[in-house]
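Descriptive analysis of the structure
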Amino acid sequence: MSNLLVEATNYLLSNFDTFVDLLREHLILVLVAQVGAILVAVTAGILATRNERTKTWVLSSGNISQTVPPLAVIALVFPFVGIGFNSALLAMWVYALLPIITNTIAGIEDVDEGTIRAAEGMGMTDREILRQIQLPLAVPVIFAGIRTSTVMNVGTAYLAIFIGAGGLGDWVVTGIQLFNTPQILAGAIPGAILAISLDTILGIAERNLDTQTTQNGSPVAEA
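The following refers to the structure shown. Every value quoted in this text rests on a predicted model; they were computed, and no experiment measured them.

Next up on the list: a nonpolar patch on the surface. On the surface, Leu-5, Ile-189 and Ile-193 cluster together into a nonpolar patch covering about 240 Å² of accessible area. If you trace the backbone, Leu-5 turns up in helix 1 (residues 2–14). You can call Leu-5 partly exposed: its relative accessible area is 35%.

Pasting the structure below:
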């Protein structure tokens, strides 16, 4: 195994310029898909907590998006958006929604009912309660969903090669076709490192936000 790792390292260093290009493509796919998923999923999760019917519809849509394989999504959308970056991005965006939606709903709904009633007793509106109490307290749970979704999408991005969108999957798929194990490892190991790195960065951001929320408290607690 150690010899394979050495050979994989040598392959990566020998093709470093190509590696940088593939890594950049991979990272752009992940980040753009995640930003889009966060904007839509957090909004959908918030709306779902306001209305039970909306919640059922949102969760059903999220479950469907998670169960449909990314390649199937690509097959459905590429006749309309073409082969390449846009198709891969849309598939990854769809696949990233559910963990963020479910965690947003859980984070908001798990806020202590007594805190909500106290806020209502102080005359706060539903919007003020959401913005000043529920969302700040739900941040750690929402971030946990974002972290899960991001790590999943690092792996999903490997499928982008099948529609010419690039990424580290290029080396993995080519290596499989050529029975070139060092090339496979040179494409797979950086992806694992990328997933761990992004998860760590988001974990640090989550802890910082959680600390700020704890220190600042809520209007109800301060009252």
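Relative to the helices and strands, Gln-34 is located in helix 2 (residues 16–50). Here Gln-34 falls in the buried class, since its relative accessible area comes to 5%. Once residues within four sequence positions are removed from consideration, Gln-34 is found in contact with Ala-96, Ile-100, Ile-146, Ser-149, Thr-150 and Asn-153.

Secondary-structure assignment places Tyr-11 in helix 1. Linking Tyr-11 and Ala-186, residues 175 residues apart in sequence, is a C-alpha distance of 6.9 Å. The contact partners of Tyr-11, leaving out residues within four places of it in the chain, are Trp-171, Asn-180, Gln-183 and Ala-186.

It is worth spelling out empty space enclosed by the protein at this point. This model, assessed by the stated rule, comprises 1 cavity of 30 Å³ or more. Together, Pro-70, Ile-74, Ala-88, Ala-91, Met-92, Thr-156, Leu-159 and Ala-160 line the largest cavity. Top contributing element to the lining of the largest cavity by residue count: helix 5 (residues 85–109), with 3 residues.

Attention now goes to the pattern of salt bridges. All chains considered together, the criterion is met by 5 salt bridges. Taking the shortest distance from any N to any O, the salt bridge between Arg-117 and Glu-113 comes out at 3.9 Å. Of the two residues, Arg-117 and Glu-113 are both situated in helix 6 (residues 113–121); the distance of 4 residues between them amounts to about one turn of the helix. Between Arg-147 and Asp-199 there is a salt bridge, with the nearest N and O atoms lying 3.0 Å from each other. Of this pair, Arg-147 sits in helix 7 (residues 126–156) while Asp-199 sits in helix 9 (residues 181–216), placing them 52 residues apart in sequence.

Locating Ile-161 in the fold gives a position in the loop between helix 7 and helix 8 (169–178). For Ile-161, a relative accessible area of 21% puts it in the partly exposed group. In the structure, Ile-161 is positioned 73 residues away from Ala-88 in sequence and 8.7 Å away in space, judged by C-alpha atoms.

Running from N to C, helix 2 and helix 8 cross one another at 115°; their axes reach a closest spacing of 9 Å. Contacts between helix 2 and helix 8 pair Thr-18, Phe-19, Leu-22 and His-26 from the former with Gly-169, Asp-170 and Trp-171 from the latter. For the contact of helix 2 with helix 8, the residue count by class is 3 nonpolar, 3 polar and 1 charged.

Considering all chains together, one arrives at 3 aromatic pairs under this definition. Seen from their ring centres, Tyr-11 and Trp-171 are 5.0 Å apart, and the 75° between their planes marks the pair as edge-to-face. Residue Tyr-11 is found in helix 1, and its partner Trp-171 is found in helix 8; the two are separated by 160 residues along the sequence. We classify Trp-171 as buried; its relative accessible area is 4%. Grouping aromatic residues by their ring pairs yields a cluster made of Tyr-11, Phe-16, Phe-19 and Trp-171.

This paragraph deals with the packing of helix 2 against helix 5. At a minimum axis separation of 6 Å, helix 2 and helix 5 run at an interaxial angle of 40°. In this structure, the crossing between helix 2 and helix 5 has a hand that is right-handed. Class assignment of the residues belonging to the contact of helix 2 with helix 5 gives a composition of 23 nonpolar, 5 polar and 2 charged.

The next subject is the nonpolar core. With 20 residues, the main nonpolar core has Ile-100 and Ile-101 as its most contacted residues. One finds Leu-89, Met-92, Ala-165 and Leu-198 within the second-largest nonpolar core, a separate group that totals 19 residues.

Cut-offs used in this document
Residue positions are counted from 1 within each chain, in the order its sequence is given. For a predicted model such as this one, the threshold for reporting local features is a pLDDT of at least 70, and the threshold for listing and counting side-chain atom pairs is 80 or more; totals across whole chains, interfaces and linings nevertheless cover every residue. For the side-chain quantities, the full set of heavy atoms in the structure was used; hydrogens and water were omitted. The patch calculation keeps residues exceeding 30% relative accessible area without a salt bridge and links them within 9 Å when they carry like charges or within 5 Å when they are nonpolar (Val, Leu, Ile, Met, Phe, Trp, Tyr). The Shrake-Rupley method, run with a 1.4 Å probe sphere, supplies the accessible areas, and residue values consider only the shown protein chains as cover. Throughout this description, the term salt bridge denotes a Lys or Arg side-chain nitrogen within 4 Å of a carboxyl oxygen of Asp or Glu. Counting from the N terminus, the helices are the DSSP runs of H or I reaching at least four residues and the strands are the DSSP runs of E reaching at least two. Only protein chains enter the calculation, and the probe is 1.4 Å; a residue is then buried if its accessible area is under 20% of its type maximum, exposed if over 50%, and partly exposed in between. Only heavy atoms enter the contact rule, under which two residues are in contact if any of them lie within 4.5 Å. Computed over the protein atoms alone on a 1 Å grid, cavities are sets of points where a 1.4 Å probe fits but cannot get out and pockets are open sets with protein on both sides within 12 Å along at least five of seven lines; a residue lines them when it has an atom within 4 Å of a point. Grid points are joined across faces, edges and corners, and a volume is the space filled by probe spheres set on the points. To define axes, lines are fitted to C-alpha atoms, for helices over the stretch in contact only, and angles between the resulting N-to-C directions are given on a 0 to 180 degree scale. Put simply, Ala, Val, Leu, Ile, Met, Phe, Trp, Tyr, Cys and Pro go in the nonpolar bin, Asp, Glu, Lys and Arg in the charged bin, and everything else, Gly too, in the polar bin. For Phe, Tyr and Trp, rings pair up if their centres lie within 6.5 Å, where Trp contributes its six-membered ring, and each pair is then called stacked (planes under 30 degrees apart), edge-to-face (over 60) or tilted (otherwise). Here a crossing is called left-handed whenever its near helix is offset anticlockwise from the far helix by less than a right angle, and right-handed whenever the offset is clockwise. Here the nonpolar core consists of buried residues drawn from Ala, Val, Leu, Ile, Met, Phe, Trp, Tyr and Cys, with membership extended through side-chain atoms lying within 4.5 Å.

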